Amino acid sequence: MRNILISGGAGFIGQNLVHAWRAARPADRIVVLDAVTYAANLRSLDPLIADRSITFVKGDIGDAALVRRLFDEHQFTRVAHLAAESHVDRSIADPEAFLQTNVLGTFALLQTALDSWRSAGTMDDARFLHVSTDEVYGSLGLADPAFSETSPYRPNSPYAASKAASDHLVRSFVVTYGMPALITNCSNNYGSYQHPEKLIPLMVIHALEGKPLPIYGDGSNIRDWLHVSDHCDALMAVIERGRIGETYNIGGGNERNNRDVVGLICDTLDRAFAIDPKLASRFPSCPAASGNSCRSLISFVTDRPGHDHRYAIDAGKLARELGSRCSIGFEAGLEQTVNWYLDQETWWRDVTSGAYQAWIEKNYGFRIAV
Ligand code: NAD
Ligand code: TYD
């Protein structure tokens, strides 16, 4: 039985990790520390908080006194650090929060974990897993080999730069202080509970509401799509069996350009409406409700500044050392994800009310069709 701290456990990947961890290791005690920013959602954790299966603490990873109190109280021997500002477009509009949380927040969490483990004499048994991104490696050309753990860091967005800085801090703590930390760099996740600002949920929800599907630039940008449940399995393998001080890349092996992803979402929705006639009355504004294709909503808009062209991950080290491999193919994973958003209308309607509308205006108001 272990006590584990999951920072950012109310975010997209964090919620999935809480559920995956409970299923895999039911005896462990989980504490979630999350500041509950716009990106958080407690709906899936609420039942676990209510029946005390997990402990939820609303707070900032940068609040060293709070984090120290939590370490003293719970004697964590595992930290899975996912708390971050994570949306590239927001980092372009307003980078400061990214430096605050991703760099200074990570520093505070690292320092407090180190101090606590040193004073408790538990460094040998402890593990700190820092969850990072492939975006630290920059952008690939079409013919380039996929990112490996030795690829040079070339972050291009303020988000990627802040994550790169946090990776360097973690590494420096390993080398300088013997911190028992590991780093993972993963590709674009998708799946249940993803915030509707990100590509896949945004396109599904816009299509259901009959709104334009805004593809940045010409849509040729490529991402390597990783299903969040494959990601969570890999994170658990790395924290338990990975080598301290090592970096492990995690990828889905599913490179797709944005045009193809959005096209596939449209085809998946068109099929779902053809199979289930009730969807037409639930979502009458969707073109598929009247037998047309959602593809009719596709619209190419002003590109993202500094838009990385291609990400691809070589996940060979993870497979060789830990036997961990992604198993969910993109078409099957996307269908499951689209169905999740069809089933969870209340969830995304809650998220897309209020502050979300202000973000949509800020990010898309200035973009023109190209
Ligand atoms: P998310 O934005 O959905 O969730 C982040 C969570 O962190 C939110 O619940 C938020 O409230 C919390 N948080 C933010 N600032 C905080 C602070 N100062 N203190 C405590 N909590 C705070 O992000 P996600 O998609 O779940 O990503 C989780 C991690 O994985 C991040 O570190 C991200 O950089 C990394 N990552 C994500 C992806 C992806 O495709 N989603 C890909 C690569 C890496
Ligand atoms: P996103 O989900 O923001 O993830 P990231 O920027 O971390 O890769 O975007 C995924 C891809 O989709 C990226 O190439 C930008 C593109 N995109 C659009 O074309 N339109 C949109 O409205 C959004 C949100 C993203």
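Throughout what follows, the structure given in this document is the object of discussion. It should be emphasised that the depicted structure is a prediction, and the values quoted were computed from it without experimental measurement. (Residues numbered from 1 in each chain as written. Chains lettered and ligands numbered in written order. Predicted model: local features only at pLDDT ≥ 70, side-chain atom pairs only at ≥ 80, totals over all residues. Heavy atoms only, no water.)

The helix and strand tally for the protein chain stands at 14 helices and 13 strands. Relative to the globule expectation of 21 Å for 370 residues, the C-alpha radius of gyration of the protein chain, 20 Å, shows essentially globular dimensions. The buried share among the 370 residues of the protein chain stands at 56%. Taking contacts inside the protein chain between residues at least 6 apart in sequence as the whole, the part at least 24 apart equals 82%. When the accessible area of the protein chain is evaluated, it comes to approximately 15,000 Å², of which 51% is carbon and sulfur surface. The protein chain carries 35 positive and 43 negative side-chain charges, and their two centres are separated by 3 Å. (Helix = DSSP H or I, 4+ residues; strand = E, 2+ residues; numbered from the N terminus. Rg over C-alpha atoms; globule rule 2.2 N^0.38 Å. Buried < 20%, exposed > 50% of the residue type's maximum accessible area, 1.4 Å probe, protein only. Contact = heavy atoms within 4.5 Å. Areas by Shrake-Rupley, 256 points an atom, 1.4 Å probe, with all protein chains shown as cover. Lys, Arg positive; Asp, Glu negative; His and termini not counted. Charge placed at Lys NZ, Arg CZ, Asp CG, Glu CD.)

Tallying each qualifying case throughout the model produces 19 aromatic pairs. When the centroid spacing of 6.2 Å and the interplanar angle of 85° are considered together, the rings of Tyr 190 and Trp 225 count as edge-to-face. Remark: Trp 225 occurs in the loop between β9 (222-224) and β10 (226-227) and Tyr 190 occurs in strand β7 (residues 189-190); sequence separation between them is 35 residues. Looking at Tyr 190, the relative accessible area reads 0%, which means it is buried. Trp 225 gets classed as buried once you look at its relative accessible area, which sits at 3%. Members of the aromatic cluster, connected to one another through ring pairs, are Tyr 137, Phe 147, Tyr 153 and Tyr 311. Here Lys 317 stacks its cationic end above the ring of Tyr 248, 4.9 Å away from the centre of that ring. (Phe/Tyr/Trp six-rings, centres within 6.5 Å; stacked < 30°, edge-to-face > 60°. Lys NZ or Arg CZ within 6 Å of the ring centre and 35° of its normal.)

Neighbouring ligand 1 are 28 residues; Ile 13, Asp 34, Ser 86, Tyr 159 and Lys 163 lie closest to it. Contact between ligand 1 and Val 36: an oxygen atom at 3.4 Å from a main-chain N or O atom of the residue. Interatomic distance of 2.7 Å between a side-chain N/O atom of Lys 163 and an oxygen atom of ligand 1. Notes on ligand 1: free accessible area 830 Å², of which the protein chains cover 96%. If one sorts the elements of the shell around ligand 1 by residue count, strand β5 (residues 127-133) sits on top with 3 residues. (Near = heavy atom within 4 Å. Polar contact = N/O pair within 3.5 Å; in protein donor to acceptor, adjacent residues only side chain to side chain.)

This brings us to the side chain of His 74. Tracing the sequence through the fold places His 74 in helix α3 (residues 64-74). With a relative accessible area of 16%, His 74 lands in the buried category. His 74 has contacts with Asn 3 and Val 31, leaving out every residue within four places of it along the chain.

Close to ligand 2 lie 18 residues, the nearest being Glu 135, Pro 214, Arg 304, His 307 and Tyr 364. The separation between an oxygen atom of ligand 2 and a polar main-chain atom of Tyr 216 is 2.8 Å. Sorting the residues of the shell around ligand 2 by element identifies α7 (199-208) and β8 (213-216) as the ones contributing at least two each. Its residues assigned to classes, the shell around ligand 2 comprises 8 nonpolar, 5 polar and 5 charged. (Nonpolar A, V, L, I, M, F, W, Y, C, P; charged D, E, K, R; others polar.)

All of the buried residues in helix α14 (residues 355-364) are Tyr 356, Trp 359, Ile 360, Asn 363 and Tyr 364. For α14, the arc enclosing every buried residue in end-on projection is 100°, short of the 170-degree limit, so these residues lie on one face. Turned more than 90 degrees from where α14 packs its buried face, Ala 355, Ala 358 and Glu 361 sit exposed. For α14, the elements touching its buried residues are α4 (88-93), α7, β8 and α13 (345-351). (Arc of directions from axis to C-beta.)

Right, let's talk about the sheet that holds strand β6 (residues 181-186) for a bit. An order of β3-β2-β1-β4-β5-β6-β11 is seen for the 7 strands of this open sheet, with the pairing classed as parallel. Across the chains shown, the open sheet's two edge strands, defined by having one partner strand only, are β3 (54-58) and β11 (247-250). Pairwise comparison of adjacent strand axes, ignoring direction, gives a mean angle of 20° for this sheet. Where strand β1 (residues 3-7) lies against strand β2 (residues 29-34), 5 bridges are found, and the strand directions are parallel. Paired with Leu 5 across the strands is Val 31, a residue of β2. Against the sheet, helix α8 (residues 228-241) touches β4 (78-81), β5, β6 and β11, its axis set at about 140° to β5. (Pairing = 2+ DSSP bridges. Axes fitted to C-alpha atoms, helices over the stretch in contact; angles between N-to-C directions.)

Across the two faces of β8 the burial is the same, with Leu 213 and Ile 215 and Pro 214 and Tyr 216 all buried. Two strands pair when backbone bridges link them, and β8 and strand β13 (residues 298-301) are joined in this way by 4 bridges, in the parallel orientation. Note on β13: the bridge partner recorded for Tyr 216 is Val 301.

Functional significance is not addressed by these values, which are geometric in nature.
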